[in-house]
Amino acid sequence: MKFKRPFFAVLMVFLVLLTSSGSKAVDTADIDAVRSKGVLDAKDLRVIDRFVGDAVAELIQTRDFTSIAKVRTVILSRNSSGTDSAEAQYAAQFSESAHKYISEALERASVLRGEDHRFKAILNLLILVDGLEDLGLADLAMRWLNDESPVIRYWAVHCITSSGFVEKLNASTGGNPGLASEIAGQLKGLVDSSSPEILVLMTEFSGGVEIPEAEELLLQIADVRIGRYADWTVEYELLDGAVLKVLDAKIGPSGEGKAAMGRRFGQLYSYVAQRYVRGQDFLSAEKKHQLGSVLVETEILCISKRTRIAQSVIKTAVEQEDYAALMEEHNRLLGDETRAGQLASMLKFDYGKNPDGSSRIAPLALSEPPKEQVSQ
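Note that the structure is predicted; figures quoted are calculated from it, not measured. (Residues numbered from 1 in each chain as written. Predicted model: local features only at pLDDT ≥ 70, side-chain atom pairs only at ≥ 80, totals over all residues. Heavy atoms only, no water.)

Participant: I'd love a proper account of the packing of aromatic side chains, names of residues and values included.
Facilitator: Under the definition given, this model contains seven aromatic pairs. Measuring from centroid to centroid gives 5.6 Å for Tyr154 and Trp155, while their planes differ by 90 degrees, and the two rings are edge-to-face. Note on Tyr154: relative accessible area 7%, which makes it buried. When the ring of Trp232 is compared with that of Phe282, the centres are 5.9 Å apart and the planes differ by 40 degrees; the resulting orientation is tilted. A residue pair is termed long-range when its members are at least 10 positions apart, and Trp232 in the loop between α12 (212–230) and α13 (239–251) and Phe282 in the loop between α14 (259–278) and α15 (285–307) qualify at 50 residues. Accessibility classification places Trp232 together with Phe282 in one group, the buried group. (Phe/Tyr/Trp six-rings, centres within 6.5 Å; stacked < 30°, edge-to-face > 60°. Buried < 20%, exposed > 50% of the residue type's maximum accessible area, 1.4 Å probe, protein only. Helix = DSSP H or I, 4+ residues; strand = E, 2+ residues; numbered from the N terminus.)

Encoded structure:
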């Protein structure tokens, strides 16, 4: 599933410029010699420190996109030793130096004159942090999670949620569950105000780390999306395919002890179906396409796995625009006022409590859309 929006079109244009080649070269002779050594001494560690300092200084001093790209490539290509025996020494010094000089550079960038220069300097430093995928640099990214610029916020989140970074958080040796918990806590504070692009990153992070705080983050994301469906303010419905997929993965094979996950899965998927049906006459073609994609992909990737049957009822209903058949399958899987759904029974969840205290067996019904949306 591809997540594309106008925001990314602008971002990709910017990054294409950043990946052009040609700049004055950073001196790499000394660092390359150190990378070839099997054991490092104090002089070698100073070479690493000087290289990182010089490269980061050049990165922030230049305004030339092509130079920035080349400097960043030089740094990233030399962030590890060329020999296994010296890797631990090399990596420790490189990480320490990177933190020192990037931190200083970010401080200088934050007070640069000219908003454009400030923006580009901070952004390029965060893209460097992102490429290094170093747990020791996480605090540098987290300082920018609340920046006014949506692009800077995006890259700050990306730095601490990328697949390579998460892999290091989870590593059996050298992993850091404490940092993972701290990151999840920071992200929870951003969910309500975050764009769909950032929510995608948070969702993937919540699915990638095995800590209780990640499950709390995922539930919060699901609740926000459910709320936006309920009041007809949801944007970029394609995101919910990712949310549903991670919810399904977190529920596990039996659903035992995961009723909260199951409830969100059922309600969110129900709202996707209900919005698709209720909005058939006024939602844009793009929105209907996104909703249909979520419905079909979730049936293929999640529901068929649960039922152990290659189901295609929803796919056929979407392709044929058979709204009655879609809602009939919706009721069979998720439940209605007369019966519990197949998934709810399999995964042992309900939809909360009725006013009389009994368990609700049907997902909440989507309200009528606001008149202004229908008229538009």
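And the narrative resumes.
Participant: I'd like a description of the pattern of salt bridges, backed by residues and values.
Facilitator: Tallied over the full model, the rule gives 23 salt bridges. Its salt-bridge partner being Arg225, residue Asp240 comes within 2.8 Å of it at the nearest N-O pair. Residue Asp240 is found in helix α13, and its partner Arg225 is found in helix α12; the two are separated by 15 residues along the sequence. Among the charged side chains, a salt-bridge network with shared partners connects Glu107, Asp139 and Arg143. (Salt bridge = Lys/Arg side-chain N within 4 Å of Asp/Glu carboxyl O.)

Participant: I'd like a rundown of the environment of Thr233, residues and numbers included.
Facilitator: Looking at the element boundaries, Thr233 is found in the loop between α12 and α13. For the pair Thr233 and Pro370, spaced 137 residues apart in sequence, the C-alpha to C-alpha distance is 9.9 Å. Among the polar contacts listed, one links the side chain of Thr233 to the side chain of Asp231, at a separation of 2.5 Å. (Polar contact = N/O pair within 3.5 Å; in protein donor to acceptor, adjacent residues only side chain to side chain.)

Participant: Just give me the short version of the packing of α13 against α14, but keep the residues and values in it.
Facilitator: Between α13 and α14, whose axes approach to 9 Å, the crossing angle comes to 155 degrees. Relative to α14, α13 is oriented roughly antiparallel. Our pair here, α13 against α14, has a crossing hand that is left-handed. Residue-level inspection shows Asp240, Val243, Leu244, Leu247, Asp248, Lys250 and Ile251 of α13 in contact with α14, the latter providing Met261, Gly262, Arg264, Phe265, Leu268, Tyr269 and Val272. Class assignment for the residues of the contact of α13 with α14 results in nine nonpolar, one polar and four charged. (Axes fitted to C-alpha atoms, helices over the stretch in contact; angles between N-to-C directions. Parallel < 35°, antiparallel > 145°, perpendicular 65-115°, else oblique. Left-handed = near helix turned anticlockwise from the far one by under 90°. Contact = heavy atoms within 4.5 Å. Nonpolar A, V, L, I, M, F, W, Y, C, P; charged D, E, K, R; others polar.)

Participant: Let's hear about the nonpolar core: which residues, and what values?
Facilitator: Core analysis: the largest hydrophobic core is formed by 119 residues, its most contacted members being Ile102 and Ile160. When residues no more than four places from it in sequence are discounted, the contact partners of Ile102 are Val56, Leu125, Leu128, Val129, Leu132, Leu137 and Leu140. (Core = buried A, V, L, I, M, F, W, Y, C linked by side-chain atoms within 4.5 Å.)

Participant: Residue-level account of the confidence of the model for the protein, with values.
Facilitator: Looking at the protein as a whole, the pLDDT averages 91, with 93% of positions reaching at least 70. Summarising per-element confidence for the protein, the mean pLDDT is lowest in helix α1 (residues 6–18) (46) and highest in helix α7 (residues 138–142) (98). Long-range and interchain partners of residues 16–23, a stretch whose pLDDT sits below 50, account for 20 contacts in this model, where long-range means more than four residues apart. (pLDDT = per-residue confidence, 0-100.)

Participant: Lay out the packing of α14 against α15 in plain terms, naming residues and giving numbers.
Facilitator: Closest axis-to-axis distance for the α14/α15 pair is 9 Å, and the angle between their directions is 140 degrees. Between α14 and α15, the angle is such that the two are oblique. In terms of crossing hand, the pair formed by α14 and α15 is left-handed. Residues Phe265, Tyr269, Val272, Ala273, Arg275 and Tyr276 of α14 lie in contact with α15, whose contacting residues are Lys287, Lys288, Leu291, Gly292, Val294, Leu295, Thr298, Glu299, Cys302 and Ile303.

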